[in-house]
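Fold and contact review
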Amino acid sequence: MMAGVDTATLSDWIHRFRDAVVENKDRLTELDSAIGDADHGSNMARGMDAVVAKLDAGVPATVDELLKSVGMTLVSSVGGASGPLYGTFFLRMGMDAGAVASLDDAALAKALRAGLDGIVARGKAEAGDKTMFDAMSPAVDALDVGVARGADLAAATAAAATAAAAGRDATVPLVARKGRASYLGERSAGHLDPGAASTALLFDALAAAVADAT
């Protein structure tokens, strides 16, 4: 059983995330229309299409090059808050990973944690703010726990995906404290956060790519 991930598995992750975003584009935009600018789905689909087009032209040889390419493409091609936030996530992951051909389980968990820290630094979000943080933070925590306990990476990433989905669903009753949704005040309660929804897709895609590679 393979431990960790190589650039091929990471590329597969990105492709799967793109496919999920495109498949759920209308749903993400519908969620965003309730509490945001009604463009999260279309923006993310456009950005991930650009990312995959770049990867299809040639997968970089090292993890840092691959992840930084993803991040820079998202920053340059996605409007709104999601481009800078997702872009920062992948850029920070790449910076933490370094010029290596693969990441072992602990290094992947550490890189994902660095990505999350980048989102916090960029967006200043905390738990309960009704943002992508509410899905990503429990997912990264779950992955850390799984890796620390010696679970195989397929099980650890599956647990992370489950935690992301729970975090996504937990945004429904929250009152938004960040971003465009915060302008609605109490009226933002009762709606699923679109950024948390796309984050759950991100971790679903990671779990699927790891499972397929093991």
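Refer to the structure above for everything that follows.
Residues numbered from 1 in each chain as written. Predicted model: local features only at pLDDT ≥ 70, side-chain atom pairs only at ≥ 80, totals over all residues. Heavy atoms only, no water.

What follows covers the overall build of the protein chain. When its secondary structure is counted, the protein chain shows 9 helices and 2 strands. Listed N to C, the secondary structure of the protein chain is β-α-α-α-α-α-β-α-α-α-α in terms of helices and strands. The C-alpha radius of gyration of the protein chain comes to 16 Å, within 12% of the 17 Å expected for a compact globule of 214 residues. Projected onto the principal axes, the alpha-carbon positions of the protein chain cover approximately 50 × 40 × 30 Å. (Helix = DSSP H or I, 4+ residues; strand = E, 2+ residues; numbered from the N terminus. Rg over C-alpha atoms; globule rule 2.2 N^0.38 Å.)

Bringing the packing of aromatic side chains into the picture now. All chains considered together, the criterion is met by 3 aromatic pairs. Relative to Tyr86, the ring of Phe17 has its centre 5.8 Å away and its plane inclined at 45 degrees; by these criteria the two rings are tilted. Taken together, the residues Phe17 in helix 1 (residues 7-23) and Tyr86 in helix 5 (residues 82-97) connect sequence positions 69 residues apart. The same class applies to Phe17 and to Tyr86, which are both buried. Plain terms: the ring middles of Phe89 and Phe90 are 5.0 Å apart, the flat faces sit at 75 degrees to each other, and that makes the pair edge-to-face. Both residues of the pair, Phe89 and Phe90, count as buried. An aromatic cluster of at least three residues, connected via ring pairs, comprises Trp13, Phe89 and Phe90. (Phe/Tyr/Trp six-rings, centres within 6.5 Å; stacked < 30°, edge-to-face > 60°. Buried < 20%, exposed > 50% of the residue type's maximum accessible area, 1.4 Å probe, protein only.)

Considering the arrangement of structural elements, one finds Gly167 in helix 8 (residues 153-169). Taking the C-alpha atoms as reference points, Gly167 and Met132, 35 residues apart in sequence, are found 8.9 Å from one another. Residues within four places of Gly167 in sequence aside, it is in contact with Asp134, Ala135 and Pro138. (Contact = heavy atoms within 4.5 Å.)

Moving on: helix 1. Its 17 residues place the ends of helix 1 24 Å apart at the C-alpha level, agreeing with the 24 Å of an ideal helix rising 1.5 Å per residue. All of the buried residues in helix 1 are Thr7, Thr9, Leu10, Ser11, Trp13, Ile14, Phe17, Arg18, Ala20 and Val21. (Expected span 1.5 Å × (residues − 1).)

Their axes nearest at 7 Å, the elements helix 5 and helix 6 (residues 105-123) cross at an angle of 140 degrees. One way to sum up the angle between helix 5 and helix 6 is to call them oblique. In the crossing of helix 5 with helix 6, the sense of the turn from one axis to the other is right-handed. Of the residues that constitute the contact of helix 5 with helix 6, the class distribution is 11 nonpolar, 4 polar and 5 charged. (Axes fitted to C-alpha atoms, helices over the stretch in contact; angles between N-to-C directions. Parallel < 35°, antiparallel > 145°, perpendicular 65-115°, else oblique. Left-handed = near helix turned anticlockwise from the far one by under 90°. Nonpolar A, V, L, I, M, F, W, Y, C, P; charged D, E, K, R; others polar.)

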